[in-house]
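Per-entry structural report
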Amino acid sequence: RQGLEELPALCRLSDRLFADSRFNAGELGSLGFPATVLELPVDPARWTVERNPGIYDLVKGAPGTHVLHVGRLAPNKRVEDIIKTFYFLHHHLDHDSRLWLVGIDIDTEIYSFALKQLTYELRLDGAVNFVGCLDDTEVRALYEACSVYLCMSEHEGFCLPVIEAMHFGLPVLSYGSSALPDTIGNGGIVFHEKRYAELAELIRHVATDGPTRDRLVAAGKARAA
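In this report, we go over the structure that sits alongside the text.

What counts, and at which threshold
Residues numbered from 1 in each chain as written. Predicted model: local features only at pLDDT ≥ 70, side-chain atom pairs only at ≥ 80, totals over all residues. Heavy atoms only, no water. Helix = DSSP H or I, 4+ residues; strand = E, 2+ residues; numbered from the N terminus. Buried < 20%, exposed > 50% of the residue type's maximum accessible area, 1.4 Å probe, protein only. Contact = heavy atoms within 4.5 Å. 1 Å grid on protein atoms, 1.4 Å probe; cavity = no way out; pocket = protein on both sides within 12 Å on 5 of 7 lines; lining within 4 Å. Points joined across faces, edges and corners; volume = space filled by probe spheres on them. Nonpolar A, V, L, I, M, F, W, Y, C, P; charged D, E, K, R; others polar.

**Thoughts on the environment of Leu 170**
Tracing the backbone through its elements, the reader meets Leu 170 in the loop between helix H7 (160-167) and strand S7 (172-175). The class for Leu 170 is buried, based on a relative accessible area of 2%. The spatial distance from the C-alpha of Leu 170 to the C-alpha of Ser 147 is 6.7 Å, given a sequence separation of 23 residues. Beyond its immediate chain neighbours, meaning those up to four positions away, Leu 170 contacts Leu 68, Tyr 143, Cys 146, Ser 147, Val 148, Tyr 149, Ala 165 and Arg 213.

Written out as structure tokens, the structure reads:
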């Protein structure tokens, strides 16, 4: 809300406005400031870095469904909804499952603490990994070793991590807010209701059903390309 209140002042100071998605351009347009859509430029060289073999072997060699999310631990990301979904997966469907949360909590330390408290209260503290900031070799290892990428964000202007996940062959499941349906296209599963128990069943199905997983991997790679 504060950002939207401050945005017009910045727009009036600008000679030309660019948006990295139709969603962001629409937000600017609704405020009376037309913008040109310039899709987020991606450097393919970043995706050619070798994966970290230690992390890859650690995750790939462990049993169970491994769920990944990459992004700042910030309230708009709704990481608590990821944890609540994982609760049903871990306690009712797959006791070996693990959740990997990659991202910094600079300036969001109170929110980060609340997430860790929630993890403790839901008896997940041994299964949820808050790994902080990782370099590209380490993040690639997780993209390639995990089972499913889950995004529950309520606001994304573009969301590059879902593109990276699709590029590396990780099936993407995402809540259909803001720019996410446009970014994902037909490269993943977009859902519009946060029914945690049912989403846990869907994650388990995608992780274990070969034909479903193969179709999602192929669709994701095509979308990323």
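Now that the structure has been shown, the text picks up again.
**Brief notes about the layout of surface pockets**
Of the voids in this model, the largest pocket is the one considered here, and its volume is about 420 Å³. Glu 39, Phe 158, Ile 163, Thr 183 and Arg 223 are, among the 17 residues lining the largest pocket, the residues nearest its centre. Of all the secondary structure elements, the ones that give two or more residues to the lining of the largest pocket are H7, helix H8 (180-184) and helix H10 (210-224). Counted as a void, the second largest pocket has a volume near 250 Å³. The element best represented in the lining of the second largest pocket is helix H1 (residues 2-12), accounting for four residues. Classifying every residue of the lining of the second largest pocket by side-chain character gives six nonpolar, three polar and two charged.

**A closer look at unusual backbone geometry**
In this model, Arg 123 sits at a positive phi of 60 degrees, which is unusual for a non-glycine residue. Mapped onto the secondary structure, Arg 123 falls in the loop between helix H5 (109-121) and strand S5 (128-132). Residue classification places Arg 123 among the exposed positions, given a relative accessible area of 55%.

Don't take any of this as a statement about function, it's just geometry.
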